[in-house]
Amino acid sequence: MMTELPTTASELTVSGLKKHFGQRTIWSSLSFTASPGSVTAITGDSGSGKTTLLNCLGLLEPFEAGTIRYGEWQFGPKVKAGIQRRYLRQVLGFLFQNYGLIDRWSVRRNLLVPLQVRTGSRQERASRIHQVLSTVGLAGYEKKLVYTLSGGEQQRVALARLILKQPSVILADEPTSALDQANADLVMRVLKQEAEQGALVLLATHSQSIVDQCSGNIHLSKS
Ligand SMILES: Nc1ncnc2c1ncn2[C@@H]1O[C@H](COP(=O)(O)OP(=O)(O)OP(=O)(O)O)[C@@H](O)[C@H]1O
């Protein structure tokens, strides 16, 4: 029986995951465990399935066999839409290259989304948004429309949203690849801080210097 209570930190256990696209098998039996507090790099050649794995873990992409377990949550190839929505809302946070922001909304409106489920006055929410925008180097950006921002600025709004949501499981797809060094450092600092606060971070990357900053590594081989 699934509860609506906040999810406490748990291990993420993936067992026997199988994924194919048409005739091509991406993995036939992928298994691993990731612990709360860890930042795990997902590495492998281009086409080895790093993005596909993050999509499967985020229940954005179906898989053919295996299970994904996180605390009380357990998913096989068939996931009910209602449970998927609750898992997305209560557990997951994404840092993907298309950012997942609503372009035509202001920065403030985008950032109010993760705050809506929390209590607090209008003033408290405004102050929290102000604070988090300062953290990501975007102080005063509340009223700007997202589509008017650069790619790097949008990425930092997505980072601010992640900080506000405080998800238990963070899935990041090459989160630093399009950024300058200062912003790449900021992203890694935030992801490590989230992990220190109990989140579990899985991060696809081609960069050895990012791998060196992670606590573990899942290496995918091209089949
Ligand atoms: N929707 C899809 N339909 C068919 N094939 C797909 C689809 N999505 C991905 N693939 C294939 O699955 C394989 C893995 O793709 P994926 O994007 O996960 O690799 P990756 O390791 O993230 O690559 P890169 O490092 O280049 O980003 C590739 O061969 C890709 O062409």
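Thresholds, definitions, all that
- Residues numbered from 1 in each chain as written.
- Predicted model: local features only at pLDDT ≥ 70, side-chain atom pairs only at ≥ 80, totals over all residues.
- Heavy atoms only, no water.
- Pairing = 2+ DSSP bridges.
- Helix = DSSP H or I, 4+ residues; strand = E, 2+ residues; numbered from the N terminus.
- Axes fitted to C-alpha atoms, helices over the stretch in contact; angles between N-to-C directions.
- Contact = heavy atoms within 4.5 Å.
- Parallel < 35°, antiparallel > 145°, perpendicular 65-115°, else oblique.
- Nonpolar A, V, L, I, M, F, W, Y, C, P; charged D, E, K, R; others polar.
- Phe/Tyr/Trp six-rings, centres within 6.5 Å; stacked < 30°, edge-to-face > 60°.
- Buried < 20%, exposed > 50% of the residue type's maximum accessible area, 1.4 Å probe, protein only.
- Lys NZ or Arg CZ within 6 Å of the ring centre and 35° of its normal.
- Core = buried A, V, L, I, M, F, W, Y, C linked by side-chain atoms within 4.5 Å.

Under an unreviewed UniProt entry, the name given to the protein is ABC transporter, ATP-binding protein, and the organism recorded is Bombiscardovia coagulans.

1. As for the sheet that holds strand β1 (residues 12-21)
Pairing within the open sheet is antiparallel, and its 4 strands lie in the order β2-β1-β4-β5. Single-partner strands in this sheet number two, and they are β2 (24-34) and β5 (73-75). Each adjacent strand pair in this sheet contributes to an overall mean axis angle of 20°, direction not counted. Two strands pair when backbone bridges link them, and β1 and β2 are joined in this way by 7 bridges, in the antiparallel orientation. Each residue of the ladder has a partner; that of Phe21, found in β2, is Arg24. In the packing of helix α2 (residues 81-90) onto the sheet, the strands contacted are β1, β4 (65-70) and β5, and the crossing angle to β5 comes to about 130°.

2. Structural notes on the packing of helix α5 (residues 151-165) against helix α6 (residues 181-196)
Closest axis-to-axis distance for the α5/α6 pair is 11 Å, and the angle between their directions is 10°. Taken together, α5 and α6 sit at an angle that is classed as roughly parallel. Taking contact as the criterion, the partners of Arg156, Leu159, Leu162 and Ile163 in α5 are, on α6, Asn183, Leu186, Val187, Val190, Leu191 and Glu194. Grouping the constituent residues of the contact of α5 with α6 by class yields 7 nonpolar, 1 polar and 2 charged.

3. Quick look at the packing of aromatic side chains
Here the structure, examined in full by the defined rule, presents 4 aromatic pairs. Relative to Tyr87, the ring of Trp73 has its centre 5.2 Å away and its plane inclined at 55°; by these criteria the two rings are tilted. On the criterion of sequence distance, the pair formed by Trp73 in strand β5 and Tyr87 in helix α2 is long-range, its members being 14 residues apart. An identical accessibility class is assigned to Trp73 and Tyr87; each is buried. For the pair Phe94 and Phe96, a centre-to-centre distance of 5.1 Å together with 80° between the ring planes defines the contact as edge-to-face. Take Phe96: its relative accessible area is 13%, and that puts it in the buried class. Through successive ring pairs, a cluster of aromatic residues spans Trp73, Phe75 and Tyr87. Its end group placed over the ring of Phe21, Lys19 keeps NZ or CZ at 4.5 Å from the ring centre. When the ring centre of Trp105 is taken as reference, the NZ or CZ atom of Arg109 above it lies at 3.9 Å.

4. Some thoughts on the nonpolar core
Core analysis: the biggest nonpolar cluster contains 39 residues, and Leu95, Leu111, Leu133, Val136 and Leu191 have the highest contact counts within it. Elements supplying a minimum of two residues to this core: β3 (39-44), α3 (107-115), α4 (122-135), α5, β7 (169-173), α6, β8 (200-204) and α7 (208-213). Apart from residues no more than four positions distant in its own chain, Leu133 is found in contact with Val107, Leu111, Leu138, Ala139, Tyr141, Glu142 and Ala160.

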